[in-house]
Amino acid sequence: MTEPNTGRQRLYIQEVAPRDGFQNEKQFIETQDKIAFINQLSGSGFAKIEATSFTSPKAIPALRDAEIVMHEIQRSPDVVYTVLVPNVRGAQRALECKVDEINLVMSVSETHNRANLRMTREQSFEQLSDVVSAVRGSRVAVNVSLSTVFGCPMEGDINAFEVFELVGRFAALGVDGVTLCDTTGMAYPTQVEKIGREVRRLFPGLTTTMHFHNTRGMALANTLAAIEAGIDRFDASLGGLGGCPYAPGASGNVCTEDLVHMLELMGYDTGVDLPGILGVSATLPGLVGHDIPSQILKAGPRLTLHPAPDFGG
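Report follows, based on the coordinates. (Residues numbered from 1 in each chain as written. Predicted model: local features only at pLDDT ≥ 70, side-chain atom pairs only at ≥ 80, totals over all residues. Heavy atoms only, no water.)

Here we look at the side chain of Ser294
Then, number 1: One can find Ser294 in the loop between α12 (284-288) and α13 (295-299).
Then, number 2: Under the relative-accessibility criterion, Ser294 is labelled buried at 0%.
Then, number 3: A distance of 2.7 Å separates polar atoms of two side chains, one belonging to Ser294 and the other to Glu257.
Then, number 4: Once residues lying within four places of it in the same chain are set aside, the contact partners of Ser294 are Gly239, Cys255, Glu257, Asp258 and Ser281. (Helix = DSSP H or I, 4+ residues; strand = E, 2+ residues; numbered from the N terminus. Buried < 20%, exposed > 50% of the residue type's maximum accessible area, 1.4 Å probe, protein only. Polar contact = N/O pair within 3.5 Å; in protein donor to acceptor, adjacent residues only side chain to side chain. Contact = heavy atoms within 4.5 Å.)

Put into structure tokens, the structure is as follows:
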């Protein structure tokens, strides 16, 4: 894909609502509604869309229609369609659907990994190593999303050297990219800049993405810190859908429209059609059956103007 020469710094926004958002919803979203939703996203300027998860339907019933979704969406040549894969069987299913990328997930925190995946970190790494081997030789890229990079809700602070060591182990396997995930919104800007800068220095051959949650209201500030560190790829979820069971009641992923609104005002080129995604976001409450934490959907963009009051005679 040839990027237009706008003279502005290009940032790449990667939409995760169809997987990370929808898997957390209690109300099942009908398959055709998922397909129509992804089709709208495909024409909105996103660099990547996380479309679904090839996990056991018993584990994540909300995404039990993964094959149908991947076969029936209308794919744009300008979009990378990625899917979450937990094991070799999931990878085989994904390959049969001709996905562009598979996304693997494990935690840097031992406690969180055991709680979330029911495995030790070493068991997770071995299982994901098998997935990388199974995909090797295909045209499909491999990204690894590391949870709790910036803190664990059960262990507290995470030693950054454990992050770098784990990234290094996956880099040695030949993965294409790594996503540094702020799983429960524990990251803060100076920490983000330091870790982001060091990962880029140590692993210049990896495509690095940041995945922020807005649990404590710092996702946008953390994004700016990551940009200072040279990061140019960011996950986000339309409407702010998603979350983590270990931060009950908290807001989830950084809201796509809020993120794009800020970055465009600051002069960055996100490639994303803000009016277009606001229209799509407006359909979400009807799909999921509840309100969504989107500030821009509620207030409108910055220059949304209102009539002056009648000041009288």
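So much for the structure itself; the text now carries on.
A few points about the pattern of salt bridges
Then, number 1: Considering all chains together, one arrives at 15 salt bridges under this definition.
Then, number 2: For Glu110, the salt bridge goes to Arg121, with nearest N and O atoms at 3.7 Å. Taken together, the residues span a long stretch of sequence, with Glu110 in helix α5 (residues 110-117) and Arg121 in helix α6 (residues 121-135) at a distance of 11 residues.
Then, number 3: For Arg201, the salt bridge is made with Glu198, and the minimal N-O distance between the two is 2.6 Å. One end of the pair is Arg201 and the other is Glu198, both in helix α8 (residues 189-202) and 3 residues apart, which spans about a single turn.
Then, number 4: On the basis of relative accessible area, Glu198 is assigned to the partly exposed category, the value being 24%. (Salt bridge = Lys/Arg side-chain N within 4 Å of Asp/Glu carboxyl O.)

A word on the packing of helix α10 (residues 256-265) against helix α11 (residues 274-281)
Then, number 1: Where α10 contacts α11, the axes come no closer than 10 Å and their chain directions differ by 165 degrees. The angle between the axes of α10 and α11 places the two elements in the roughly antiparallel class. Crossing of α10 over α11 shows left-handed handedness. Here Thr256, Glu257, Val260 and His261 of α10 lie close against α11, whose contacting residues are Leu274, Ile277, Leu278 and Ser281.
Then, number 2: Partitioning the contact of α10 with α11 into residue classes produces 4 nonpolar, 3 polar and 1 charged. (Axes fitted to C-alpha atoms, helices over the stretch in contact; angles between N-to-C directions. Parallel < 35°, antiparallel > 145°, perpendicular 65-115°, else oblique. Left-handed = near helix turned anticlockwise from the far one by under 90°. Nonpolar A, V, L, I, M, F, W, Y, C, P; charged D, E, K, R; others polar.)

Quick notes on the packing of helix α9 (residues 219-228) against α10
Then, number 1: Axis separation between α9 and α10 bottoms out at 11 Å; the angle between their running directions is 50 degrees. In terms of orientation, α9 and α10 fall into the oblique class. Regarding α9 and α10, the two cross each other, and that crossing is right-handed. In this structure, α9 contributes Leu220, Thr223, Leu224 and Ile227 to the contact, and α10 contributes Asp258, Leu259, Met262 and Leu263.
Then, number 2: For the contact of α9 with α10, the class distribution of residues is 6 nonpolar, 1 polar and 1 charged.

Observations concerning the side chain of Ser147
Then, number 1: Position of Ser147 among the secondary structure elements: in strand β5 (residues 141-147).
Then, number 2: With near-sequence residues (within four places) excluded, Ser147 lies in contact with Val105, Met106, Ser107, Val108, His112, Cys181 and Thr183.

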